[in-house]
Every structure is written in C-alpha cells, then in structure tokens.
Amino acid sequence: MKRHLLSAADLDRDDALLVLDTAAELASLTDRAVKKLPTLRGRTVVNLFFEDSTRTRISFEAAAKRLSADVINFSAKGSSVSKGESLKDTALTLEAMGADAVVIRHGSSGAPHRLAHSGWIGGSVVNAGDGTHEHPTQALLDAFTMRRHLAGGSGDLEGRRVTIVGDVLHSRVARSNVLLLATLGAEVTLVAPPTLLPVGVETWPCATSYDLDSNLSKADAVMMLRVQRERMNAAFFPSAREYSRRYGLDARRMAQLPDHAIVMHPGPMNRGMEIAAEVADAPRSVIVEQVSNGVSVRMAVLYLLLGGAQLGAPGDSLDPAVEA
Amino acid sequence: MSVAQTPDDTGAASSSALHDTRTVLDGAEIARALTRVAHEIVERAKGADNLVLLGIPTRGVFLARRVAERIRDIEGRDIPVGSLDVTMYRDDLRRAPARALLPTDIPTSGIDDKVVVLVDDVLYSGRTIRAALDAMNDIGRPRAVQLAVLVDRGHRELPIRADYVGKNIPTSHSEKVHVLVTEHDGQDAVLISGGTTTESSATQDTTTEAHA
Amino acid sequence: MSETTYIIRSAKILGGEAADLVLRDGIIAEITAAGAASYDGAVEVDAVGLVALPGLVDLHTHLREPGREDAETVETGTRAAAAGGFTAVFAMANTDPVADTAGTVEQVWRLGHEAGYADVQPVGAVTMGLDGQQLAELGAMATSAAQVRVFSDDGKCVHDAVIMRRALEYVKAFDGVIAQHAQEPRLTEDAQMNEGALSGILGLRGWPAVAEEAIIARDVLLAEHVGSRLHVCHVSTAGSVEIVRTAKARGVDVTAEVTPHHLLLTEDLVSSYDPVFKVNPPLRSRADVEALRAGLADGTIDIVATDHAPHPVEDKDCEWSAAAMGMLGLETALGVVAEAMVATGLLDWAGVADRMSVRPARIGRLEGHGRPIAVGEPANLVLLDPARQRTVSASALQSRSHNTPYAGRTLPVTVVATFLRGRATVLDGAVVSAVHA
C-alpha cells in the first residue's frame, strides 16, 4: 500500500484484496471479550473533519481506538472558517502535535491531496470524503459488504453486476465505487437522469443508463445514492416527485430484483426520495450492515498504513512482508 | 516460526540455502514425534476433557490438526482445534511494513477455563509465544496454557519453555531451520541450512527466525 | 529622456541581419552595419547572437494597485514587465477602488510614470464598480491625462446584451475599444476547471467551453451590427478561435488575444490539485492548445497578452476551491512564446514582434510603442538571447507574488536588456533601478 489513501485508484487489485482480507480477519474482533488490539499503541490518529459527519467520524474513531491508537478529533464547521489559512495552519498544528495519520473530510475536492503533497505534515493521509471527488473507505466497505453476500466473503467481485443509482455528478461515493469495483472485476452500471451524469462519464470503466427499470432484473447489488431535493432549484430535475418516480427504488422495483440481490445505501438516506422506507427496512437491505463493516474496513486501512514501519516517500508502493 | 521455504519464495538466501542443507528429521521421524507428543499431552491432561489445540499459522495449524487426530485415535474423542494469528501482538511490528494477517479461528467452545495447548513448528527466541499469550489474554482466560513444538532450536530470549518437544536440535544463529509439511509444502521434513559466517540472510534471521 | 548613449553591437534585428544600433536622446539615432557604429562616451552593449525586438507591449496586465498592494504594486509589476522585455503595459481596471473614473485612471498612470520601469496605460472599466449594470464614465476617462482607449470589466463578463451593445456603440466617439472577458456567468457558477472528462474524475465543477464561445459569438455579431471595434480577451478554446476566424472573414472589426499559458499548458496539470494552475479562463485540452497556436500563427489571434495576475501566498497555498484564480506572466511570457511558437516553427522573431509589440500597441492606440526598429523611432527595445535557457525560480522573480506555473521549468530564451526610450531598464539580464528623468 502507498503511504496515503486518497483515491480508490490508489489501490490495485492486490492492495484492495489485502484490505478486504485484513478487514475480514478484524471483523471477528467483535466476538471477543476484549474488543481491542494493541497494534497501534502509541500512534496518534487525528480526525480532521471540516464537514459535519458524525457517522463517518465515529466509525474512524472506533477503528483507531480498537487498535489502541490515540485519537484526536478536530471539527471545524466549514462556513465560518476563513479560507486557506485553516487547512494549512491546522495541518501545521497537527504536525507539531505528532499526528501519525490524519483522516480528513473536507468540502473541497483535492484537499486531502494538498495535505498529502504540500509538505505540511509527515504522516499518512486518509481521505474520508473530499467534496465531490472521492470517498475510498466507503467504496472499500461497500465492496466488503458485497463480497460477503455475493462472493462467499473472499476473493474479488469478478462478474458481479452492480447498479448505482442517483446523483452521480455530485457523488464522491459513486466515483470511488466505480474505480474500486472495476479493479475488483465487477460490472458497474450507473443510472441517473442525463443532468446528473458528469461530462466524460463515457470514459469511466462502467456502463451508463437513463432508465432504472431495465437495470434491475440482472443486478446482484443495487446501490442508491443520496439525492438532495435542493438540486431541483438548480434545474437538475423538475421536482422531487418526478425524480423519485423515475429513479426512486420503491417496493415495486425491488420486487424485480433477483432473489439474492442486495440493496445498499451509503447514507444518510432521504427516505421517500431515492429510496422508499419499506425498501430501506427490507430483509435484503444491508444498509445497517454497511455501517458496521465500515469499522472493520477502517481498522484494516489504519493498520496497513500505520501498523508497520513508516511507509516511504509519497508515492511509494510497498508490498507487505508476508511470512509463513 | 520457520523461514518460508515454500515453492513461491524466491531470493538468493533460499536458493543458496538449498545447496548446503541437511535433513535432521524425515517424514517418518516427524510422524513418530507427533504421536509421542500426542500421548504426552493426553497423559498430562489425565483424560483430555477440556483440551483445546491452537496452532500458530501457518504450519503450526497443520501440526495441531495432526496432533488432534492422534489424540482422537487415542482417546476416541474429538478435540477442538483452531488457529491463533499473533501478527497484531508482535513486538517488532515497526521494523517492516505492515504484515498481512493470517487466520484466527477460535473454536466455538472458546478458551475460558480450558487447557490450551499452543502448537508451533519451531521454538526459537520465544517471542512468538509471548505474543500468543498476549493474544489469548484478550480472548479469554484459559485454566492453563501449554506449548507443543516440533523443533526446539534453542537461543531463547524470553523465559519461555516448551512442555512438549518433538526434537531438540541445537543450532547456531547463522543456521536456518526449515520445516516442511505435506499440506503446505508437499512433503514432511525438517532441514537445516547455512552455518557459514558469510550468510546473506543475517538480517533475515533477526526479522523472521528470531520470533519463533 | 536619458542621458546615456548606448551602442548595441551586432544585434540581429527581428532575428534577421546583425546590425549596430545607436540609442541617443531617447530615439534610435543610427543603425549601421555590425561593428561600424561609434560615438564618444557611449556605453557598449555586446549583442552578438542576441535578437533585437521592439519593446513588448502587454495589453492585459493586473498591477493590483490601488487596493491589493500585498500582491503587486505598479512599481513591482512594472519591474517584472521590464524583466520580461516589456516597455508598456495596459493595467486592467479591477482594482480597489475600480478604475471607473478619471481620477483613478490618472492615479495609476501617474504611479507608472513615477516608477519609470515601463509605460503604464490604464484600462478603464466598462461599468461602474464592474457591476455590469451601469456604464462608467468612459468619455471622462478617455479625455483624462491617462487617455484611456481600452475599456474592460475583465475579471467579469459584460454579460448583459444591452449594456454590451451600448458600450460598443458609445466608445466609437473616441476610437475606444471594449475588451470583453467572455464568460457566461450562469453557465460557470463556481466553476473550477475546464469542463471535460477530467473535471468529472477530479470532482471539480466544470467551466464549459461553450460559456466562452457563446459570448464571443454574440459580441462579434453585436460589433458587426453597430459597426464598432471589439477585442476579445484571453481566448482559450478551439471553438473561440473558429468564431473569431469566421467573424474576421465577414469583415467584423474584432481582435483577439491569447495568454502565454494557454499556448503551453493543459488541464492535466490540475490533477495535482495545486492551485498554482488555477486560472480564469481555465487551462484546457491539448486540442485547444494546438488550435490557439495555429490561430496565433495565422493571425486569427492578433496578439499575446499575459493576463499577469499576481496573488499573495495565502490565496494559493490552500485547497483548490478556496484558491484565487490567476497566474503571473510578465517575466516568463517571451520564454513561453519562444517554446510554444518559435521552437515549433510556427512563428519567427518578426512574427513575435508583430504579436507582442506591434499589434498590441495598435489595438490599444498606444503611440511610441510597437514601432519599427528604424532610425528616428523611439528607442523602446528588448534584446534577448535565443540560445540561453533560463530556469524559472518562483522566489527570484521581480513580482511581489510568486504564483508562477513555471517554477522549476527551463524556458528557452533569456531577456538580456530592455530599453525604455533609450534608458536601460534591464541590463546584463538584471533590472536597473530607475533614476527618474
């Protein structure tokens, strides 16, 4: 693994499988009396959250603490923080405090890249979501969840059909998922109205469609993305009603899925908009499981970045030492 | 923990090691040693009704299963067998990039109040077993922990000793012990290689072997 | 007017024949065969192997003063201009306060005159406060001491069609020209980089080419309809080049400029998320760069204009979306044009003189600059070494700011000397501190 995890594209197939396999081992931690491992004792992980996200921050915090790392939480409500100064000066402060890893969520695409390559900090940078760019640990936990249900919990996702539906244009979850699922051999189809697909999406390693109904009967997994109602004010779609009628996953559509197919959502959900309440709560919905898988996956990421010798200069790729 | 001598390993150290390698245990001797160890375990356990065998991956797990089979032949009863990966508890993590985890599989009956017999292929510095003890501490509280190894090659760095030993093989630090098991390597054998002072694997010794 | 007489020995005029030039009393007093000139007490400038061009004229510079002196001042900006071989710059109006009155343009004009490194010709705003709503007092600015002829809301687009029409019509009275920053505002709200496959991957809001092209198309038709001159700032797309080409073929009085960075750099650089590459209009595709080069070569694009845009460190040392848009350009312009156009065989030095001196002066109605290198003409010259490379160092620039996209890059030519009406502003490759005449 490289020194930072900024994009799902940072992981080749071997890296991705290593993370998933490590997460699988760590998932069994919850069955133990002491749900803690000493591995990151003495390491400091900073959660640098410029956007509100209780769920993701708690997930990373739990992951770090279960590995016995020290956790420092820094949250800055984006709007009141003056531009520029905040990221750099905050980073310099964290470096002075000895952060071994910085988990950053920021509203600006590319902020983790700046943090990793500017020379402000020396530790590892984990992208916990940057603007509309990427959210690699979300893609990892999504792949982990899919693997559990569709591939017996091991190996890759070769040949599995995944349909991702929603506001792809503004979705960092979609970008990371498309990249990682392609790496793992899955066939991805993005479904959205034309206004919510980015220019150039035809160059992405996936198919696209404007029609949801024709992409259900063969899907192994359907992932619904959050769609904000406010987008209609910028004319991305005429009304919430029309959006949900054409692209919402309701009970009727869910019934068209194959029996084994799972329903996913990165959260938070807009019940009634992109997903009907009864679908969110159906047995084939793995939305709650995604959350708990998030902790194991984030433990795996933190372990692989920090659990061994300090990884080299930015851009280095090191295979882990595997011993008999 | 033995140095990997699997077909997929490459490197000058292993290929040169094969040149001056001698066999110290062949398949038949290994089988006899395991049988004796199984008997010793049963004898000391006085009935074996709360025994659990935990192998240290990778080869310790196969050896543990073989010992369990022999105990079943002796006592007519199935003994729970599992595996205990100690990677997360190693004391030398920071010396190399993060290692891939190996499987930990604790039998459903758990280890609380059980007599746990750890099974490993080679006992060397004792650090692996120290890590295993710490790992078990976070899983439960055995009544007792015992240690069975196929080979004890000496050079302990911690106050750890084996209860059951297949064979004592005194070695020098510059030598390497290779344990091969059929399930993993296609044959059963214990080999020793090296012994010269110009070992290219001097650093390998400290990072791999020294933690057996 | 300067006291020193210079003999420039053996310079290649416009890259052609070598000759000696005698600069005296602010004009080119003599041009002789190489080695033949002599004058008692003259300072010799060894120009063997050097190319002599008329002093460059930049029709599009941001000097930031008044208001943002932390980024640049008229003094530091004109020092940078001189270092780049420029003898005149047109200072854009988006200062604070905006240059929308006679008073402000005269202030800028005077500051340039006092600094003495290059002639500063202020550009007047088209609308009050750049608000796009109400025309500024264009006539007052035209008759002021600054004699403004170029008007621009650059930084913002005059997007209201009626305002643009009125402005085009109004400036006919004093031979003015409206220089449009073509950017449809609604299509580019919060835009961060060129819209294309890369913007989709990087998660940065796109700035589509059509937002520039649609405005240019409208404006050339308006200019044609009202019979006025139009100048298009920083053309950045292949489609825009096509529209200008078609308009010129129809006889529309339109001129266009391209920046050095749009001749060399592409959007791939944005993948690093380094805001030094953030600029408006954004860096575009390889195909756009090729079309712009071809357009400059065939004259569809009339001039190179730097759009020199200094920004203080804190406005660039941050995440992309928080960063200001703009790049430095004065000191590297000649080197970049040499790499993009001369080294590729698209333009010779005479062509560079035309695009970077003659035509800009003509469009801006600036007298005394962009003149032929001939006896009697004002001695506004630049000597460059076409064989000496120069590695750009962000910290060693004359500009107060450091936001150059070429840091660490080696450019193919070096400016050796610059003369402003016979007075050396740059000698031996170094800026000469001005002694005010």
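Residues numbered from 1 in each chain as written. Chains lettered and ligands numbered in written order. Predicted model: local features only at pLDDT ≥ 70, side-chain atom pairs only at ≥ 80, totals over all residues.

(A) Layout of the overall build of chain B. Each helix and strand in chain B was counted, giving 6 helices and 8 strands. Ordering the α and β elements of chain B from the N terminus gives α-β-α-β-α-β-β-α-β-β-β-α-β-α. Considering only intrachain contacts with a sequence separation of at least 6, the fraction spanning at least 24 residues in chain B is 73%. (Helix = DSSP H or I, 4+ residues; strand = E, 2+ residues; numbered from the N terminus. Contact = placed C-beta atoms within 7 Å.)

(B) Spatial organisation of the overall build of chain A. A tally of regular secondary structure across chain A gives 10 helices and 9 strands. For chain A, whose C-alpha radius of gyration is 19 Å, the value lies close to the compact-globule estimate of 20 Å for 324 residues. Reported as C-alpha extents along the three principal axes, the dimensions of chain A are approximately 55 × 50 × 35 Å. The burial tally for chain A puts 51% of its 324 residues in the buried class. A sequence separation of at least 24 residues applies to 76% of the contacts in chain A between residues at least 6 apart. (Rg over C-alpha atoms; globule rule 2.2 N^0.38 Å. Buried ≥ 20, exposed ≤ 12 C-beta atoms within 10 Å, placed from the backbone.)

(C) Expanded view of the pairing of strand S6 (residues 56–61) of chain C. Residue and element names in this part refer to chain C. Judged by how many residues are buried, S6 sits mostly within the fold: 6 of 6 residues are covered. By the bridge criterion, 4 bridges tie S6 to strand S7 (residues 86–91) in an arrangement that is parallel. What sits directly across from Leu 56, in S7, is Phe 86. Read from S6 through helix H1 (residues 74–83) to S7, the crossover connection turns out right-handed. (Pairing = 2+ DSSP bridges. Right-handed = clockwise from strand over helix to strand, strands pointing away.)

(D) Looking closely at the confidence of the model for chain B. All names here are of chain B. Mean pLDDT over chain B works out to 86, with 82% of the residues at or above the 70 mark. Taken together, the stretch residues 1–17 has pLDDT below 50 and engages in 37 contacts with residues farther than four places along the chain or on a different chain. Predicted complex metrics record ipTM = 0.88 and pTM = 0.89. (pLDDT = per-residue confidence, 0-100.)

(E) A look at the domain arrangement of chain A. Residues and elements named next belong to chain A. Here chain A is described as being made up of domain 1 (8–135 + 290–306) and domain 2 (136–287). Centre-to-centre separation of domain 1 and domain 2, based on C-alpha positions: 25 Å. Listed as interface residues are 27 residues of domain 1 and, on the opposing side, 27 residues of domain 2. Those elements that place two or more of their residues in the side of domain 1 that touches domain 2 are helix H1 (13–27), strand S4 (124–130) and helix H10 (287–306). Per element, the largest residue contribution to the side of domain 1 that touches domain 2 is 7 residues, and it comes from H1. The residue inventory of the side of domain 1 that touches domain 2, partitioned by class, reads 12 nonpolar, 9 polar and 6 charged. (Domains from an automatic or database assignment. Nonpolar A, V, L, I, M, F, W, Y, C, P; charged D, E, K, R; others polar.)

(F) Expanded view of the sheet that holds strand S8 (residues 189–194) of chain B. Residue and element names in this part refer to chain B. Spatial strand order, S1-S8-S7: 3 strands in an open sheet with antiparallel pairing. Of all the strands in the sheet, just strand S1 (21–25) and strand S7 (175–180) have a single pairing partner and so form its edges. Neighbour-to-neighbour, the strand axes of the sheet open up by a mean angle of 30°, direction not taken into account. (Axes fitted to C-alpha atoms, helices over the stretch in contact; angles between N-to-C directions.)

(G) Quick peek at the arrangement of the chains. Counting contacts across all 2 pairs of chains that touch, the top-ranked interface belongs to chains A and B. Across the gap from chain B to chain C, with no contact made, the nearest C-alpha atoms are 27 Å apart.

(H) Representation of the interface of chain A and chain C within the structure. In this complex, chain A contributes 23 residues to the contact, which on the side of chain C involves 18 residues. Looking at the side of chain A that touches chain C, the elements with two or more residues in it are helix H3 (85–96), helix H4 (111–117) and helix H6 (172–183) of chain A. Residue composition of the side of chain A that touches chain C, grouped by class: 5 nonpolar, 11 polar and 7 charged.

(I) Up close: the sheet that holds strand S15 (residues 303–304) of chain C. Residue and element names in this part refer to chain C. Strand order in the open sheet formed by 5 strands is S9-S10-S13-S14-S15, with parallel pairing between adjacent strands. Edge strands, defined here as strands with exactly one partner in the open sheet, are strand S9 (150–151) and S15. Strand direction decides the pairing type here: strand S14 (residues 254–258) and S15, joined by 2 bridges, are parallel. In the strand pairing of S15, Glu 257 is matched with Ile 303. Set on the sheet, helix H6 (residues 209–226) makes contact with strand S10 (177–180), strand S13 (230–232) and S14; between it and S13 the angle comes to about 165°.

(J) Focus on unusual backbone geometry. Residues and elements named next belong to chain C. In this chain, Glu 65 is followed by Pro 66 through a cis amide linkage whose omega measures 5°. Geometrically, the link from Asn 280 to Pro 281 is a cis peptide bond, its omega value of -5° lying close to zero. Relative to the elements of secondary structure, Pro 281 occurs in the loop between helix H8 (260–264) and helix H9 (286–297). Phi angles above zero are rare outside glycine, and Asp 175 is one such case at about 55°. Along the chain, Asp 175 falls in the loop between helix H4 (161–170) and S10. The phi dihedral of Asp 190 is positive, around 55°, even though this residue is not glycine. In this fold, Asp 190 is placed in the loop between S10 and strand S11 (193–194). The exposed category is assigned to Asp 190, around which 8 C-beta atoms lie within 10 Å.

(K) Layout of the pairing of strand S20 (residues 423–427) of chain C. All names here are of chain C. Among the 5 residues of S20, 4 are classified as buried, and the element is accordingly described as predominantly covered. In this structure, strand S19 (residues 414–420) lies alongside S20, joined through 3 bridges in antiparallel fashion. Along S20, the bridge assignment pairs Leu 420 with Arg 423. Counted between consecutive antiparallel strands, the loop separating S19 from S20 contains 2 residues, among which Arg 421 sits at a positive phi close to 45°. Taken together, the 2 bridges between S20 and strand S21 (residues 430–431) define a ladder with antiparallel strand orientation. By the bridge assignment, Val 426 is partnered in S21 with Val 431.

(L) How the structure looks around the confidence of the model for chain A. Mean pLDDT over chain A works out to 90, with 93% of the residues at or above the 70 mark. Throughout residues 314–324 of chain A the model reports pLDDT below 50, and contacts reaching past four residues in sequence, or to other chains, amount to 32 contacts.

(M) Quick look at the environment of Gly 27 of chain B. All names here are of chain B. Relative to the assigned elements, Gly 27 resides in helix H2 (residues 27–45). A residue is classified by how many C-beta atoms lie within 10 Å of it, and Gly 27, with 15 of them, is partly exposed. Sequence spacing of Gly 27 and Thr 182 is 155 residues, and the spatial spacing of their C-alpha atoms is 9.2 Å. When neighbours within four sequence positions are excluded, Gly 27 is seen to be in contact with Gln 187, Asp 188 and Ala 189.

(N) Region of the structure containing H6 of chain A. All names here are of chain A. Relative to the 16 Å expected for 12 residues at 1.5 Å per residue, H6 spans 17 Å between its end C-alpha atoms, a close match to the ideal helical length. Across the 12 residues that make up H6, a large majority, 11, are buried. When we look at burial in H6, the residues that qualify are Arg 172, Val 173, Ala 174, Arg 175, Ser 176, Asn 177, Val 178, Leu 179, Leu 180, Leu 181 and Thr 183. Directly after H6, the chain includes Gly 185, whose backbone phi takes a positive value near 90°. (Expected span 1.5 Å × (residues − 1).)

(O) Geometry of the nonpolar core. If you look at the biggest cluster of nonpolar residues, it comprises 298 residues, and the most contacted ones within it are Leu 302 of chain A together with Val 337 of chain C. Per-element tally for this core: the top contributor is H10 of chain A, with 11 residues. Filtering out sequence-adjacent residues up to four positions away, Leu 302 of chain A remains in contact with Leu 40, Val 45, Ala 63, Ala 64, Leu 67 and Ala 101 of chain A. (Core = buried A, V, L, I, M, F, W, Y, C linked by C-beta atoms within 7 Å.)

(P) Seen up close, helix H5 (residues 136–150) of chain A. All names here are of chain A. In this model H5 runs 20 Å from its N-terminal to its C-terminal C-alpha over 15 residues, within 8% of the 21 Å that 1.5 Å per residue would give. Along H5, 12 of the 15 residues are buried, which leaves the element largely enclosed by surrounding structure. Turning to H5, its buried residues are Pro 136, Thr 137, Gln 138, Ala 139, Leu 140, Leu 141, Asp 142, Ala 143, Phe 144, Thr 145, Met 146 and Arg 147. Trailing H5 by a residue or two, Gly 152 shows a phi angle of about 70°, which is positive.

(Q) The arrangement of the environment of Gly 351 of chain C in detail. Here Gly 351 of chain C lies in helix H11 (residues 349–363). Residue class for Gly 351 of chain C comes out partly exposed when judged on the 18 C-beta atoms lying within 10 Å of it.

(R) Region of interest: the packing of H2 of chain B against helix H3 (residues 59–75) of chain B. Residues and elements named next belong to chain B. Their axes nearest at 9 Å, the elements H2 and H3 cross at an angle of 60°. By the angle between their directions, the pair H2 and H3 is classed as oblique. For the element pair H2 and H3, the recorded crossing hand is right-handed. Contacts from Leu 34, Thr 35, Val 37, Ala 38, His 39, Ile 41 and Val 42 of H2 reach H3 at Leu 63, Arg 66, Val 67, Arg 70, Ile 71, Ile 74 and Glu 75. (Parallel < 35°, antiparallel > 145°, perpendicular 65-115°, else oblique. Left-handed = near helix turned anticlockwise from the far one by under 90°.)

(S) Broad picture of the packing of H5 of chain A against H10 of chain A. Residue and element names in this part refer to chain A. Between H5 and H10, the shortest axis-to-axis distance is 8 Å and the interhelical angle comes to 115°. The chirality of how H5 crosses H10 is right-handed. Of the residues in H10, those touching H5 at Thr 137, Leu 140, Leu 141, Asp 142, Phe 144 and Thr 145 are Glu 289, Gln 290, Asn 293, Gly 294, Val 297, Arg 298 and Val 301. Its residues assigned to classes, the contact of H5 with H10 comprises 5 nonpolar, 5 polar and 3 charged.

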